[in-house]
Amino acid sequence: MTRSNILENTTCYHCGDDCKTEAITIDEKHFCCTGCKSVYQVLAQNKLCNYYNYNDHPGTTRDHTDKRFAYLSQPAIISELIDYTDQQKTIVTFYIPQIHCSSCLWLLEQLHKINPAVYYCRVDFLKKQLNIKFDHNQISLQQLVELLDDIGYEPLISLQDIIKKQNSATKDNLVTKIAVAGFCFGNVMLLSFPEYFGMTVAEQSFKNFFGLLNLLFILPVVFYSGSGYFIAAWQNLRNKVLNIDFPLSLGIAVLFIRSVTEIVTRSGAGFADTLCGLVFFLLVGKFVQKKTYHHISFERDYRSFFPVAVQVIVDKEEVPVSLADLTTGHRIVIRNNEIIPADAILLKGEALVDFSFVTGEAIPISKTLGEIIYAGGRQTGQAIELEVIKPVSQSYLTQLWNNEAFTRKQDNRMQTFNEQVSKYFTVILLIIAFASFFFWLQTDFKRGLAAFTAVLIVACPCALALSTPFTMSAALGVFDRNRFYLKNTAVVEQLAAIDAIVLDKTGTITNGKSNQIELNARLTKGQRQMIYTLCMNSGHPLSRMICIYLGNQQRLMVSNYQEIAGKGISAEINGLNIRIGAEVFVRGIALNPLPLTQVHLLIGGQYLGYFSFMQQYRKGLSNIADLRRNYQLHLLSGDQDQETVALLPFFGTTANMHFDHSPQQKLDFIKALQQKGKRVMMIGDGLNDSGALKQSDLGIAVTDNVNNFSPGSDAILDGTSFDKLPAFFRFSKDTVKIIHFSFFISLTYNLIGLSYAITGKLSPLTAAILMPVSTVTIIAFTSLATHFAAKRRKLI
């Protein structure tokens with residue numbers, strides 16, 4: 001480097017550090033490093049350079065001598081922090097306390113533009129989490145953290161696994177803000193009572209003194225407790241987004257300015273009580289909303305989470321163990337199509353794992369004995385045995401379930417509805433406020449100003465902002481208690497909008513049990529062991545029933561295992577080719593099928609006979625059949641049509657029953673209904689129905705204490721709650737009606753308040769009463785109405 005390239009008095013435009021070279025420049029601006037230049041380029045390309053208007057050098061740069069993150073190069077620590085890794089890519093989740101606005105969200109999700117080694121970033125705004133997939137061959141975990149630190153978002157890394165334990169010690173101090181607002185609200189109300197009830201002439205000096213005290217109390221409420229609303233509104237306006245934060249912050253600002261003006265000039269008592277009450281109730285609503293969204297993202301107690309179990313080997317026998325009880329050191333068995341629920345080491349079997357649940361890429365990856373297999377993979381071959389090395393993380397499984405690969409376009413309909421209402425509300429509110437101002441301006445300027453501010457005060461949409469979170473919090477609690485687990489809030493609205501229901505047969509309307517299993521074949525001990533061994537590798541309900549029927553047999557070595565959805569399974573054992581499944585799959589031809597479900601057997605090219613099953617239908621199937629009055633009801637099965645007569649009473653006509661459908665045909669059937677304008681719900685067992693579940697407008701996976709749920713589903717239903725489905729439909733409609741009616745209540749209060757406000761004679765007492773009463777009414781109505789609706793539907 002020559003002396004001419006050394007700049008003595010030039011500082012970096014981004015971070016303010018001294019520039020040691022003039023080579024790194026763009027737009028006539030100097031930068032100390034390529035990192036600062038790259039961040040500026042991203043901001044400039046997206047017209048966010050106002051970022052630099054608030055401070056001379058708002059960015060931060062990395063101290064290249066800083067060794068704070070050197071520990072992230074140690075393999076033992078890396079393995080504790082990452083969620084998934086393979087030969088090329090790694091996925092990690094960080095907790096970033098600095099996330100506070102939509103600009104943060106935008107900038108972090110543009111990280112791939114700063115460094116192409118980052119595949120994608122996804123922000124969970126409420127939990128302040130950042131999920132990143134990156135190429136570890138091009139950027140290390142340490143360099144990734146340093147990059148985040150460069151742009152001002154240093155992750156809070158704890159080896160106590162802060163992400164998966166969801167540490168509640170966040171930086172927004174919401175509880176403290178509520179406490180401050182509540183304390184000030186209570187004191188201001190006490191100090192305002194004399195003003196409400198009148199004072200004698202001798203007591204007028206107290207009026208001024210109480211006003212000054214009120215002024216002192218509203219300062220921390222506005223500038224501490226309510227500061228988040230101003231920040232959010234400003235950031236959204238910068239991004240040309242008009243949401244509910246704008247009228248909220250505008251209402252707070254107008255209340256503050258008018259209160260200060262009236263108290264200082266002694267022209268009135270101000271609106272201190274209304275202001276403190278508004279901020280307090282808004283923060284309470286925000287707290288409930290935060291808890292609600294944690295709730296719907298399955299940050300729940302283990303006892304109310306996925307109704308799935310894992311088979312654990314105890315004393316050489318398999319015992320079902322819930323995810324809550326799965327611990328490090330457990331030896332688990334994972335069969336074909338089952339999800340691996342925790343990081344584990346492969347001990348036995350040939351692992352061919354599909355990580356599309358994790359990465360979105362569906363190419364199965366072969367794993368060798370002793371290799372670590374990360375949680376979220378789906379085994380696609382024979383049964384394997386693994387040893388758990390890291391406890392199961394419910395939040396991580398939830399994160400996988402909400403992976404962008406399985407996201408639906410309609411998932412945000414409820415949110416969009418809320419945003420649209422708030423947008424129109426803001427526009428109408430401003431029109432009314434200015435109309436009132438100009439109307440009175442012609443005769444009385446002060447009255448016009450009073451009317452303008454009064455409209456903004458009384459029509460502040462705090463009740464509007466609270467209705468959805470309070471209703472959803474109560475509704476999802478009801479669904480949880482009845483073992484119906486929804487993926488997100490939009491599922492409630494989708495469930496209410498459904499007009500066509502499609503059900504799978506085996507494992508969905510049947511319960512995977514049978515008291516009448518008949519073996520129509522003579523099998524030797526060796527043949528029984530082969531059949532038992534092959535069925536033990538499958539998670540299909542019929543395979544499990546065959547294993548129970550044959551009893552505990554010696555398991556043999558299996559090779560070339562293959563399971564074809566809707567057809568059967570095949571493999572080689574002791575050099576013999578074995579086929580078990582549908583007659584066409586086993587024999588190549590179907591001969592006079594009996595009116596029973598059958599599983600045929602072929603060993604070494606010799607047809608041996610078949611198992612026949614008189615399957616038990618789930619309790620409450622007749623309740624589902626009653627839905628034909630309001631919904632189109634279809635049966636969609638990969639099995640043969642042997643049970644048509646038995647199922648006819650439930651589905652009405654044979655035209656509503658469709659048999660011998662492959663997974664692709666199921667998906668096409670769903671698509672055909674949608675093209676006819678139907679909103680389709682698919683209910684399957686999560687094994688052969690993943691495509692149809694994802695294609696449908698609402699996919700529900702039914703599970704019976706087994707680990708086979710589909711990531712493409714929107715909800716998981718415990719098999720024991722199958723009979724409650726009609727009640728769930730009705731309750732979802734009730735919930736949506738409650739939300740809509742709560743909006744109506746809120747608007748009614750606003751209209752009453754506006755009728756006073758536009759006259760320019762709104763008293764502090766009226767505003768102080770209307771504001772908290774409307775909020776309390778919404779909270780009480782949504783909670784009580786949801787409880788009443790659940791009781792009416794016999795869900796509590």
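Residues numbered from 1 in each chain as written. Predicted model: local features only at pLDDT ≥ 70, side-chain atom pairs only at ≥ 80, totals over all residues. Heavy atoms only, no water.

Turning next to the overall build of the protein. Helix and strand counts for the protein stand at 26 helices and 28 strands. Expressed as a percentage of the 796 residues in the protein, the buried residues total 54%. Within the protein, residue pairs in contact and separated by at least 24 positions form 67% of the contacts whose partners lie at least 6 positions apart. Total accessible area computed for the protein in this model is approximately 35,200 Å², and 56% of it derives from carbon and sulfur atoms. (Helix = DSSP H or I, 4+ residues; strand = E, 2+ residues; numbered from the N terminus. Buried < 20%, exposed > 50% of the residue type's maximum accessible area, 1.4 Å probe, protein only. Contact = heavy atoms within 4.5 Å. Areas by Shrake-Rupley, 256 points an atom, 1.4 Å probe, with all protein chains shown as cover.)

Turning next to the pattern of salt bridges. Side chains that differ in charge, positive against negative, can pair when their charged atoms come close. Tallied over the entire structure, the rule returns eleven salt bridges. Across the pair Asp-86 and Lys-89 runs a salt bridge whose closest N-O atoms are separated by 3.2 Å. Residues joined by salt bridges that share partners form a network here, namely Glu-318, Arg-335 and Arg-555. (Salt bridge = Lys/Arg side-chain N within 4 Å of Asp/Glu carboxyl O.)

With that settled, the discussion passes to the packing of aromatic side chains. Centre distance and the angle of the planes are the two values used to describe a pair of aromatic rings. Considering all chains together, one arrives at 18 aromatic pairs under this definition. When the ring of Phe-209 is compared with that of Phe-210, the centres are 6.2 Å apart and the planes differ by 45°; the resulting orientation is tilted. Of the residues examined, Phe-209 reaches a relative accessible area of 46% and is grouped as partly exposed. With centroids separated by 5.0 Å and ring planes inclined at 85°, the aromatic side chains of Phe-439 and Trp-440 adopt a geometry described as edge-to-face. Counting every residue linked through ring pairs, the aromatic cluster contains Phe-479, Phe-484, Phe-728 and Phe-731. A cation over a ring is seen here: Arg-579 above Phe-585, with NZ or CZ 4.5 Å from the ring centre. If you follow Arg-587 out to its NZ or CZ, it ends over the ring of Tyr-607, 3.9 Å from the centre. (Phe/Tyr/Trp six-rings, centres within 6.5 Å; stacked < 30°, edge-to-face > 60°. Lys NZ or Arg CZ within 6 Å of the ring centre and 35° of its normal.)

What follows concerns the side chain of Ser-696. Secondary-structure assignment places Ser-696 in the loop between helix H24 (690–695) and strand S27 (698–703). Here Leu-693 takes part through its backbone oxygen, which lies 2.8 Å from a polar atom of the side chain of Ser-696. A polar contact of 3.1 Å, which involves the side chain of Ser-696, links it to the backbone oxygen of Leu-698. (Polar contact = N/O pair within 3.5 Å; in protein donor to acceptor, adjacent residues only side chain to side chain.)

Turning to the pairing of strand S23 (residues 606–614), a few remarks are in order. Side-chain direction in a regular strand flips from residue to residue, so the side chains alternate between the two faces of the sheet. In this structure, strand S18 (residues 516–520) lies alongside S23, joined through five bridges in antiparallel fashion. Following the sheet pairing, Ile-517 is matched in S23 by Phe-613. By the bridge criterion, seven bridges tie strand S22 (residues 597–603) to S23 in an arrangement that is antiparallel. Bridge pairing in S23 links Ile-603 to Gln-606. What sits between the antiparallel neighbours S22 and S23 is a turn of two residues, in which Gly-604 has the positive phi angle 60°. (Pairing = 2+ DSSP bridges.)

Bringing the sheet that holds strand S17 (residues 500–503) into the picture now. Pairing in this open sheet of seven strands is mixed, and the strands run S16-S28-S27-S26-S17-S24-S25 from one edge to the other. Among the strands making up the open sheet, the edge pair consists of strand S16 (484–486) and strand S25 (657–658). As defined by bridge partners, S17 adjoins strand S24 (residues 632–636) across four bridges and the pair is classed as parallel. The residue of S24 that forms the bridge with Val-502 is His-634.

Locating Gly-349 in the fold gives a position in the loop between strand S10 (344–348) and strand S11 (351–354). We classify Gly-349 as partly exposed; its relative accessible area is 24%. The spacing of Gly-349 and Met-557 is 208 residues in sequence and 8.8 Å in space, taken between C-alpha atoms. Residue contacts for Gly-349: discarding those within four places in its chain leaves Leu-369, Gln-382, Ala-383 and Ile-384.

With that settled, consider the side chain of Ser-742. Within the element layout of this structure, Ser-742 appears in helix H25 (residues 725–757). When neighbours within four sequence positions are excluded, Ser-742 is seen to be in contact with Ser-467, Ile-778, Phe-781 and Thr-782.

What follows is about a nonpolar patch on the surface. A cluster of nonpolar residues, Phe-434, Phe-438, Leu-441, Phe-445 and Leu-449, forms a patch on the protein surface that exposes about 470 Å² of accessible area. Going through the elements one at a time, helix H14 (413–441) and helix H15 (445–458) are the ones with two or more residues in the nonpolar patch. Looking at which element gives the most residues to the nonpolar patch, the answer is H14, with three residues. For Phe-434, a relative accessible area of 40% corresponds to the partly exposed category. (Patch = residues over 30% accessible without salt bridge, like charges linked within 9 Å, V, L, I, M, F, W, Y side chains within 5 Å.)

Moving on: the sheet that holds strand S4 (residues 89–95). With antiparallel pairing, the four strands of this open sheet are ordered in space as S3-S4-S6-S5. The open sheet has two edge strands, strand S3 (82–85) and strand S5 (118–124), and neither has a second partner. This sheet shows a mean twist of 15° between the axes of neighbouring strands, independent of strand direction. The sheet contact formed by S4 and strand S6 (residues 129–135) spans seven bridges and is antiparallel. Bridging from a neighbouring strand, Tyr-95 pairs with Gln-129 of S6. (Axes fitted to C-alpha atoms, helices over the stretch in contact; angles between N-to-C directions.)

Between its first and last C-alpha, helix H18 (residues 525–536) extends 16 Å over twelve residues, near the 16 Å set by a 1.5 Å rise per residue. Of all twelve residues in H18, nine are buried; the element is thus mostly enclosed. For H18, every residue scored as buried is listed here: Gln-527, Gln-529, Met-530, Ile-531, Tyr-532, Thr-533, Leu-534, Cys-535 and Met-536. (Expected span 1.5 Å × (residues − 1).)

Summed over all chains, the structure comprises zero disulfides. The thiol of Cys-184 is not disulfide-bonded; the next cysteine sulfur, from Cys-276, is found 5.7 Å away. (Disulfide = S-S within 2.5 Å.)

Below, the discussion takes up unusual backbone geometry. With a phi angle near 55°, Asn-560 is a residue other than glycine that sits in the positive phi range. Mapped onto the fold, Asn-560 is located in strand S19 (residues 559–564). Positive phi outside glycine occurs at Lys-794, with the angle close to 60°. Along the chain, Lys-794 falls in the segment after helix H26 (764–792).

The subject of this paragraph is the confidence of the model for the protein. Overall, the prediction assigns the protein a mean pLDDT of 77, with 76% of residues at 70 or greater. By mean pLDDT, helix H6 (residues 162–165) is the weakest element of the protein at 40, and strand S21 (residues 576–581) is the strongest at 93. A low-confidence stretch, residues 54–58 (pLDDT under 50), is modelled with twelve contacts involving residues beyond four sequence positions or located in other chains. (pLDDT = per-residue confidence, 0-100.)

It is worth spelling out the packing of helix H17 (residues 490–497) against H25 at this point. Where H17 meets H25, the axes come as close as 8 Å, and the angle between the chain directions of the two elements is 115°. With respect to H25, the element H17 is oriented roughly perpendicular. Where H17 crosses over H25, the two elements pack in a sense that is left-handed. Seen from H17, the contacting residues are Val-492, Glu-493, Leu-495 and Ala-496; seen from H25, they are Phe-728, Phe-729, Ser-732, Lys-733, Thr-735 and Val-736. The class makeup of the residues in the contact of H17 with H25 is six nonpolar, two polar and two charged. (Parallel < 35°, antiparallel > 145°, perpendicular 65-115°, else oblique. Left-handed = near helix turned anticlockwise from the far one by under 90°. Nonpolar A, V, L, I, M, F, W, Y, C, P; charged D, E, K, R; others polar.)

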